[in-house]
Amino acid sequence: MPRPLGELEDAVMTRVWRWNRPVTVREVLEDLQRERSIAYTTVMTVLDNLHQKGWVRREAEGRAYRYTAVSTRAAYSAALMNEAWAASDNRAAALVAFFGMMSEEEREALRDAIRVVRLDGPDAEPEDAGR
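Only a predicted model underlies this, so the values are computations on that prediction, with no experimental measurement involved. The written sequence of each chain sets the order in which its residues are numbered from 1. Whole-chain, interface and lining totals are the exception, using all residues; otherwise, since this is a predicted model, local features are given only for residues with pLDDT of at least 70 and side-chain atom pairs are given and counted only at 80 or more. Neither water nor hydrogens contribute to the side-chain values; these are computed over all heavy atoms in the structure.

The grouping of M81, F98, F99 and M101 at the surface amounts to a nonpolar patch, some 420 Å² of accessible area in total. Here the nonpolar patch takes three residues from helix α5 (residues 91-101), the largest share from any one element. Numbering of helices and strands runs from the N terminus; a helix is a DSSP stretch of H or I covering at least four residues, while a strand is a stretch of E covering at least two. With respect to the helices, strands and loops of the structure, M81 is situated in helix α4 (residues 73-86). When accessible area is computed with a 1.4 Å probe and restricted to protein chains, residues below 20% of their type maximum are described as buried, those above 50% as exposed, and intermediate ones as partly exposed. The exposure class of M81 is partly exposed, given its relative accessible area of 46%. The patch calculation keeps residues exceeding 30% relative accessible area without a salt bridge and links them within 9 Å when they carry like charges or within 5 Å when they are nonpolar (Val, Leu, Ile, Met, Phe, Trp, Tyr). Methods summary: accessible areas were calculated by the Shrake-Rupley approach with a probe of 1.4 Å, and residue burial reflects only the protein chains presented. By convention in these notes, a salt bridge is any Lys or Arg side-chain nitrogen within 4 Å of a carboxyl oxygen on Asp or Glu.

Here it is in structure tokens:
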């Protein structure tokens, strides 16, 4: 798993993920400039770095590039959670502590996710089995 994204990398990737289409440096720049003062070359460098790290792919369009995310924000978040969990010397305790930090809405989302995994697993039973 690659290291976590830096603040500016995350700001750029957030736009690439949200727009979910090939983007140009200019598009990202103009959106970022709503929040901060930033130079075109800075955004270009960040996108080039993200390309080098494998976060985005790029296709030439004239003299510029269009960048597309290689994976989703959800996959990135899952990899970060997995890495943090794997670093624990007591995974069960880490999970209990993590679940304890969740809101009721987040715990319900977790229950839904577990149902999806169970239904898609190799030993999955029909939804109404056992009823």
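So much for the structure itself; the text now carries on.
Before going further, it helps to spend a moment on helix α3 (residues 40-52). Here, expected helix span is obtained from the residue count minus one, scaled by 1.5 Å. Taking 1.5 Å of rise per residue, the 13 residues of α3 would be expected to cover 18 Å, and the 18 Å separating its terminal C-alpha atoms lies within 8% of that figure. When we look at burial in α3, the residues that qualify are V43, V46, L47 and L50. All buried residues of α3 fall inside an arc of 95° around its axis, so they share one side. Considering only its buried residues, α3 is in contact with α1 (7-19), α2 (25-32), β1 (56-61) and β2 (64-69). G54 occupies a position one or two residues after α3 and carries a positive phi of about 90°. Here the arc refers to the directions that run from the helix axis out to each C-beta atom. Here a residue-residue contact requires only that any non-hydrogen atoms of the pair lie within 4.5 Å.

The subject of this paragraph is the nonpolar core. In terms of nonpolar packing, the biggest core is built from 21 residues, with M13, V43, L47 and L50 touching the most fellow members. Listed by contribution, the elements that provide at least two residues to this core are α1, α2, α3 and β2. With five residues, α1 is the largest single contributor of residues to this core. Ignoring any residue separated from it by four or fewer positions in sequence, one finds V43 in contact with V25, V28, L29, L32 and I38. Side-chain atoms within 4.5 Å link the members of a nonpolar core, which is a set of buried Ala, Val, Leu, Ile, Met, Phe, Trp, Tyr and Cys residues.

Now for the packing of aromatic side chains. Pairing of aromatic rings covers Phe, Tyr and Trp, the last counted by its six-membered ring, and requires centre-to-centre distances within 6.5 Å; plane angles under 30 degrees mean stacked, over 60 mean edge-to-face, and any other angle means tilted. Per the stated rule, a full pass over the model turns up four aromatic pairs. Members of the aromatic cluster, connected to one another through ring pairs, are W17, W55 and Y76. Remark: a charge is flagged as sitting over a ring if the NZ atom of Lys or the CZ atom of Arg is within 6 Å of the ring centre and within 35 degrees of the ring normal. In this structure, R58 is placed above the aromatic ring of Y65, and the distance from its NZ or CZ to the ring centre is 4.2 Å. One residue, R91, lies across the ring of W85, its end atom 4.6 Å from the ring centre.

Right, let's get into α1. Between its first and last C-alpha, α1 extends 19 Å over 13 residues, near the 18 Å set by a 1.5 Å rise per residue. For α1, the complete set of buried residues consists of E9, A11, V12, M13, R15, V16 and W17. Tucked inside the fold, the buried residues of α1 contact α2, α3, β1, β2 and α4. Immediately beyond the C-terminal end of α1, within one or two residues, lies N20, with a positive phi of roughly 50°.

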